[in-house]
Every structure is written in C-alpha cells, then in structure tokens.
Amino acid sequence: MAIVATCLTIAAALAAAKGGETIALKGACPAITISKHYPRPLTINAAQASVRGLTITGSNIRWNAGTITASGGTHAKGPAGYAAKIIGRSVTFEGVTFTDAKKGAVIDSSRDIAILRSRFTRLGDDGIVVARTSGLTIAGNTFEASVGKSTECRDGEAVTYNLSMKACRAAR
C-alpha cells in the first residue's frame with residue numbers, strides 16, 4: 001500500500017521513509033529536494049503530480065511517471081533552468097515527462113543512474129547533460145519539440161524578434 005503525499009506533506013514523507021516504501025505524490029508542487037540515502041529503493045509514484053524543479057543528492061530513488069519542469073522555465077540560467085538535477089546514486093526515472101526547462105536532466109558526479117521510457121519536450125537547450133558519471137542507462141526515451149531561443153534583430157534603437165539572421169541582415 002502506498003503512502004499518499006501532497007506537495008505540503010512530501011518533505012515529511014521523505015524524511016519518515018526508511019526505504020522499500022512507495023509514496024504516491026499528488027498535486028502541482030514547487031521544487032523538491034531528496035537528499036536522504038535509503039538502504040532499499042524508495043519509489044515515488046508521481047503519476048498525479050507535477051514538480052517545478054527536482055534535485056536528488058541521495059540514493060536508491062525510483063521516480064515513476066509525472067511531469068518535471070524547471071522553476072525558471074526554458075531560458076533560465078543555471079539550476080533554475082534544470083527540470084531535474086541529479087548528484088546521487090542508484091536513481092531511476094521511468095515514464096516521466098521532462099518539459100518546460102532549459103535542460104531536462106542534469107546529471108553530475110553520479111553512479112548507477114537510469115532514465116527509461118521518458119519524454120523530453122519543450123526544452124530550451126539539452127535533453128540530458130551528463131558529467132563525471134558512471135553506470136548510466138538511457139533507454140526508450142523520446143526527444144521532441146525543442147524551444148529555441150528567440151532571435152533579436154537590432155537596427156539602431158529598433159528591435160525585431162524572431163527574425164532569421166539572413167532576413168535581419170537584409171532589413172538593415
């Protein structure tokens with residue numbers, strides 16, 4: 001039987017968990033950080049949830065379904081532009097939608113990470129960025145509908161947006 005958590009109770013549910021449980025997360029949540037190292041896998045079923053920025057520095061986490069977006073949107077700089085930031089070990093995402101972020105998942109100094117059958121859409125730059133990580137599995141994912149940075153064409157004081165560079169040069 002799953003432990004039901006809302007955005008208001010998820011921090012307490014994560015702190016009380018010993019590992020081996022399933023937490024069913026519900027609601028549209030602000031940023032969540034999971035830093036606890038569980039001796040057995042903790043499963044978070046987020047099928048009825050969206051999270052605006054997820055950071056995992058702990059271990060033995062399995063995140064199933066749901067939507068993860070960046071707190072700062074598709075053009076934010078640094079961690080505010082990441083849907084998920086992982087600096088952990090034994091972390092699995094399955095069936096998750098990473099969207100409305102500059103970067104879908106940023107994985108650094110991690111071990112035994114898996115992203116399976118997930119969807120990356122409406123991203124400003126990269127789907128997955130990986131550094132200093134071993135034991136990485138990325139399988140069955142889809143990457144679609146990236147959001148490019150809008151262009152600016154400047155002519156003196158006037159600014160025109162979303163004009164190709166060729167059209168901008170011709171207009172000057």
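For the structure, see preceding data.
Before going into details, it helps to say that this report is about the structure given with it. These figures come from a predicted structure and were not determined experimentally. (Residues numbered from 1 in each chain as written. Predicted model: local features only at pLDDT ≥ 70, side-chain atom pairs only at ≥ 80, totals over all residues. Heavy atoms only, no water.)

Right, let's get into a nonpolar patch on the surface. Taken together, the side chains of V130, L136, I138 and F143 make up a nonpolar region of the molecular surface, amounting to roughly 320 Å² of accessible area. Mapped onto the secondary structure, L136 falls in strand β15 (residues 134-139). With a relative accessible area of 33%, L136 lands in the partly exposed category. (Patch = residues over 30% accessible without salt bridge, like charges linked within 9 Å, V, L, I, M, F, W, Y side chains within 5 Å. Areas by Shrake-Rupley, 256 points an atom, 1.4 Å probe, with all protein chains shown as cover. Salt bridge = Lys/Arg side-chain N within 4 Å of Asp/Glu carboxyl O. Helix = DSSP H or I, 4+ residues; strand = E, 2+ residues; numbered from the N terminus. Buried < 20%, exposed > 50% of the residue type's maximum accessible area, 1.4 Å probe, protein only.)

Moving on: the pattern of salt bridges. A complete count under the given rule lists nine salt bridges for this structure. Between E94 and R117 there is a salt bridge, with its nearest N and O atoms 2.4 Å apart. Pair noted here: E94 is in strand β9 (residues 89-94) and R117 is in the loop between β12 (111-116) and β13 (119-123), with a separation of 23 residues, a long-range link. Measuring nitrogen to oxygen at the nearest pair gives 3.8 Å for the salt bridge that ties K102 to D125. Within this pair, whereas K102 is found in the loop between β10 (97-101) and β11 (103-108), its partner D125 is found in the loop between β13 and β14 (128-131), the two being separated by 23 residues in sequence. Overall, D125 belongs to the partly exposed group, its relative accessible area being 42%. A single salt-bridge network, built from bridges that share partners, covers K102, K103, D125 and D126.

It is worth spelling out the sheet that holds β11 at this point. Pairing is parallel across the open sheet formed by five strands, whose spatial order is β3-β5-β8-β11-β14. With one partner strand each, in any of the chains shown, β3 (32-34) and β14 form the two edges of the open sheet. Neighbouring strand axes in the sheet, compared pairwise and without regard to direction, differ in orientation by 10° on average. Two elements, strand β5 (residues 54-56) and strand β8 (residues 82-86), share three bridges in a ladder whose sense is parallel. Note on β8: the bridge partner recorded for T55 is K85. (Pairing = 2+ DSSP bridges. Axes fitted to C-alpha atoms, helices over the stretch in contact; angles between N-to-C directions.)

With that settled, the discussion passes to the environment of T92. Examined against the element boundaries, T92 turns out to sit in strand β9. Using a relative accessible area of 15% as the deciding quantity, one classes T92 as buried. Remark: the alpha-carbon pair of T92 and N64, spanning 28 residues in sequence, is separated by 8.2 Å.

Once that is clear, we can look at the state of the cysteines. By definition, a disulfide links the sulfur atoms of two cysteine residues through a covalent bond. One pass over the structure, following the stated rule, counts one disulfide. Each sulfur in the disulfide pair C7 and C29 lies 2.1 Å from the other. In this structure, the disulfide formed by C7 and C29 twists by about -80° around the S-S bond and is classed as left-handed. Residue C7 is found in the loop between β1 (3-6) and α1 (10-16), and its partner C29 is found in strand β2 (residues 22-29); the two are separated by 22 residues along the sequence. (Disulfide = S-S within 2.5 Å.)

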